[in-house]
Amino acid sequence: MAKFDVVDLDLKKVSELELSDEVFGAEPNANLFYEVAKMQQINRRRGTVAVKNTSLVSGGGKKPWKQKGTGRARQGSIRASHWVGGGKAMGPKPRDYFYRPPKKVRRGALKAALSLRAREKTLIIVSDFNLAAPKSKQAFEALTKRLKLADALVIDAKDNTNLHRSVRNLAKFDVLPPEGLNLESVLRHKHLVLTSSAAKAIEGALS
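On a predicted model such as this, the values are computed, not experimentally measured, just so you know. (Residues numbered from 1 in each chain as written. Predicted model: local features only at pLDDT ≥ 70, side-chain atom pairs only at ≥ 80, totals over all residues. Heavy atoms only, no water.)

(A) Spotlight on the pairing of strand β5 (residues 173-176). Pairing of strand β4 (residues 152-155) with β5, which is carried by four bridges, proceeds in the parallel orientation. Looking at the pairing, L153 lines up with D174 of β5. (Pairing = 2+ DSSP bridges. Helix = DSSP H or I, 4+ residues; strand = E, 2+ residues; numbered from the N terminus.)

This is the structure in structure tokens:
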């Protein structure tokens, strides 16, 4: 079990928290990062690009002229791809880009990312992160002036609505509930701020 300092919003140590080495002490693994990051990015592709081929273009059901005797090249339809207004030959079709690596890979990548932040000492665990009102200015001051951060991902329970409503409007900061934690969000931000309850929830989910 690894010990982490728990601080208040002024970076003063208030207690210690023991967390599993399996979750917060794993070795970084670039292959896991690649597979899970690829999953998150590729699954955003809608795959709706399409064009009309000959069978989808209206009209052209009759041969424009008879097969022989006209002196012209034989034609089967005025909606063939080489005619103006014809269908597109070998064009793109709708497809599903869905990709999902095994659960063990997805969890392993998240453990490695959390451990990387812990090893870099950019993982901050606060006792709580309560705001009096959903005000972005209050959240910004707490993160920049008190915690001295310029860029961070904040994790706390979704019922802390004041925090979620305040941080989500900030350009350099983001907020998620523990169950919404994902690799891309962790790697995108330089610092990771967890409340002690969120840290325990993440440990329980990934253990």
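(B) Local environment of the side chain of N182. Secondary-structure assignment places N182 in the loop between β5 and α6 (183-188). Side-chain polar atoms of N182 contact the side chain of Q40, separated by 3.1 Å. Within polar-contact distance, the side chain of N182 engages the backbone oxygen of G180 at 3.1 Å. Ignoring sequence-local partners within four residues, the contact set of N182 consists of Q40, L110 and L176. (Polar contact = N/O pair within 3.5 Å; in protein donor to acceptor, adjacent residues only side chain to side chain. Contact = heavy atoms within 4.5 Å.)

(C) Structural view of the sheet that holds strand β6 (residues 191-195). One open sheet holds the six strands; their spatial order is β2-β1-β3-β6-β4-β5, and the pairing between them is mixed. Both outer strands of the open sheet, β2 (13-19) and β5, are each paired with one neighbouring strand and no more. For this sheet the average axis-to-axis angle between neighbouring strands, irrespective of direction, equals 30°. Where helix α7 (residues 196-206) meets the sheet, it contacts β2, β3 (123-126), β4 and β6, and its direction lies at approximately 5° from that of β2. (Axes fitted to C-alpha atoms, helices over the stretch in contact; angles between N-to-C directions.)

(D) Focus on the environment of G86. With respect to the element layout, G86 can be found in the loop between α2 (30-42) and α3 (103-119). C-alpha of G86 to C-alpha of T54: the two residues are 32 residues apart in sequence and 6.5 Å apart in space. Filtering out sequence-adjacent residues up to four positions away, G86 remains in contact with V57, I78, R79 and A80.

(E) The confidence of the model for the protein chain, seen in detail. Averaged over every residue, the pLDDT of the protein chain is 95; residues scoring 70 or more account for 100%. The lowest-confidence element of the protein chain is strand β1 (residues 2-7), averaging 93 in pLDDT; the highest-confidence one is β4, averaging 98. (pLDDT = per-residue confidence, 0-100.)

(F) Representation of the nonpolar core within the structure. With 33 residues, the main nonpolar core has F4, F24, L114, I155, L181, L194 and I202 as its most contacted residues. Top element by residues in this core is α3. It accounts for eight residues. In this structure, L194 is in contact with F24, L123, I124, I125, V126, I155, A199 and I202, ignoring residues within four places of it in sequence. Core analysis: the next-biggest nonpolar cluster, separate from the first, contains 19 residues, A139, L143, L147 and L170 among them. (Core = buried A, V, L, I, M, F, W, Y, C linked by side-chain atoms within 4.5 Å. Buried < 20%, exposed > 50% of the residue type's maximum accessible area, 1.4 Å probe, protein only.)

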